[in-house]
Amino acid sequence: ATVEAIHSLDEHWNGGGYPAGLRGDAIPLLSRIINIAQTMEVFLARDGADATRSILEERRGRWFDPVLASVALDLLDDTDLLRSLREADERVLGAEPGRARRIDERGLDDVAAAFAEIIDAKSPFTWKHSTNVAMYAHGLGAQLGQDAAMLTRLRRAGLLHDLGKVGISNRILDKTGPLAPHERQAVEAHPVYTWEILRRVAAFADFARPASLHHEKLDGSGYPWRVGGDDLDLPARILVVADIYEALTASRPYRAGVAPEEALRILERDRGTRLDAAVLDALAAMVVNVEERTL
Ligand SMILES: [Fe+2]
Ligand SMILES: [Fe+2]
């Protein structure tokens, strides 16, 4: 029931929602409740009770079950209830274990790997993408003589670089046709979310930067920050190449991946202009090594 409820979270009472366009009672009750609850949570915290009241009224009967929306409006007038909810919230937060709780290095790798699986499972087009990018980033770093600590950072950055995609609708991510400008904008924001999430987690902050810069280019033509030149440091340059190489060589439901040599040729076109020359050399060496090992 929970899975079903989560699946139907974006359905609207009037049938204009996503993914199935369910209407009215056909939407699971739990989804209808959570849909209202999450809206209240966001608007109450950010804009206060009046704004929450008007959004409930505006969406009643369109997005929201009208009966439930009326119940929610009544709740908004119950200031005692709202206060006790806030207090309960604070008690829960106060009971949280302190930030000092640590997990060991092995644990961090496991956490990063688990998140990578979640990220890659979100879309049928990204099977193993993050795991592979991590492997390539690690391999490129090793080829470039980086120390063990840096290799760990590169691997974890690879695992979590697309974490921000979790915040973007599959309706856009999985679209096969051309993207409308606002959809492109949404997709291109994913590194911003990756940055905002990783930098807040103490154990992940030290690789938040290379992870978030994976769509930037040396000449400043990348996105979303258009960071280039010396501001795009070696770890970031490695992630950029690892990400493109994976995307080119991996097979997707709608096409087979290109051969390693062909991917190298494609990347070579941007040598020194958009992509780092030393990293491309490392990639070529890595590909040869891998092929020798698998022969
Ligand atoms: Fe990405
Ligand atoms: Fe990626």
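Definitions and limits used
- Residues numbered from 1 in each chain as written.
- Chains lettered and ligands numbered in written order.
- Predicted model: local features only at pLDDT ≥ 70, side-chain atom pairs only at ≥ 80, totals over all residues.
- Heavy atoms only, no water.
- Domains from an automatic or database assignment.
- 1 Å grid on protein atoms, 1.4 Å probe; cavity = no way out; pocket = protein on both sides within 12 Å on 5 of 7 lines; lining within 4 Å.
- Points joined across faces, edges and corners; volume = space filled by probe spheres on them.
- Nonpolar A, V, L, I, M, F, W, Y, C, P; charged D, E, K, R; others polar.
- Phe/Tyr/Trp six-rings, centres within 6.5 Å; stacked < 30°, edge-to-face > 60°.
- Helix = DSSP H or I, 4+ residues; strand = E, 2+ residues; numbered from the N terminus.
- Buried < 20%, exposed > 50% of the residue type's maximum accessible area, 1.4 Å probe, protein only.
- Polar contact = N/O pair within 3.5 Å; in protein donor to acceptor, adjacent residues only side chain to side chain.
- Contact = heavy atoms within 4.5 Å.
- Donors = N, O, S within 2.8 Å, 3.2 Å for Na, K, Ca; no water.
- Tetrahedral: all angles 85-135°; square planar, octahedral: opposite > 155°, others 65-115°.

Trainee: I would appreciate a short explanation of the domain arrangement of the protein chain in the present structure.
Mentor: One frequently used descriptor of interface size is the decrease in accessible area upon assembly of the parts. Domain annotation of the protein chain identifies domain 1 (2-94) and domain 2 (105-294). Computed from C-alpha coordinates alone, the two centres of domain 1 and domain 2 are separated by 37 Å.

Trainee: Looking at this model, I keep getting lost on empty space enclosed by the protein. Mind explaining?
Mentor: Over the atoms, a rolling probe the size of a water molecule traces out where space has been left empty. Taken as a whole, this structure holds two cavities of 30 Å³ or more when the rule is applied. Put simply, the largest cavity is a space of about 40 Å³. If you trace the largest cavity, you find it lined by Ser-8, Glu-11, Ile-27, Ser-31, Arg-32, Asn-35, Trp-63, Phe-64 and Asp-65. When grouped by side-chain class, the residues that make up the lining of the largest cavity number three nonpolar, three polar and three charged. Of the volumes computed, that of the second largest cavity is approximately 30 Å³.

Trainee: When you look at the packing of aromatic side chains in this model, what are you seeing that I'm missing?
Mentor: Two numbers describe a pair of aromatic rings. These are the distance of the centres and the angle of the planes. For the coordinates displayed, the defined rule picks out two aromatic pairs. Measuring from centroid to centroid gives 5.1 Å for Tyr-136 and Tyr-245, while their planes differ by 80°, and the two rings are edge-to-face. Here Tyr-136 is found in helix H6 (residues 129-143), whereas its partner Tyr-245 is found in helix H12 (residues 234-249), with 109 residues between them in sequence. A single burial state applies to Tyr-136 and to Tyr-245, both of which are buried.

Trainee: Help me out: how do you make sense of the side chain of Ser-212 in this one?
Mentor: Summarising the element assignment, Ser-212 is placed in helix H11 (residues 208-212). A distance of 2.4 Å separates a polar atom in the side chain of Ser-212 from the backbone oxygen of Ala-208. Not counting residues within four places of it along the chain, the set of residues in contact with Ser-212 comprises Pro-191, Thr-194, Trp-195 and Trp-225.

Trainee: Can you help me understand the coordination of the iron ion (ligand 2) in this one?
Mentor: With distances of 2.2 Å, the protein atoms coordinating the iron ion (ligand 2) are His-129 (NE2), His-161 (NE2), Asp-162 (OD) and Asp-243 (OD). Classification of the site at the iron ion (ligand 2) rests on its four donor atoms, whose angles at the metal span 81 to 172°, yielding the label irregular. Mapped onto the polypeptide sequence, the residues donating to the iron ion (ligand 2) form the spacing pattern H-x31-H-D-x80-D. A separation of 3.4 Å is found between the iron ion (ligand 2) and the iron ion (ligand 1), which are bridged by Asp-162. Of this pair, His-129 sits in helix H6 while Asp-162 sits in the loop between helix H7 (148-160) and helix H8 (170-173); the two residues are 33 residues apart in sequence, bridging distant segments of the chain.

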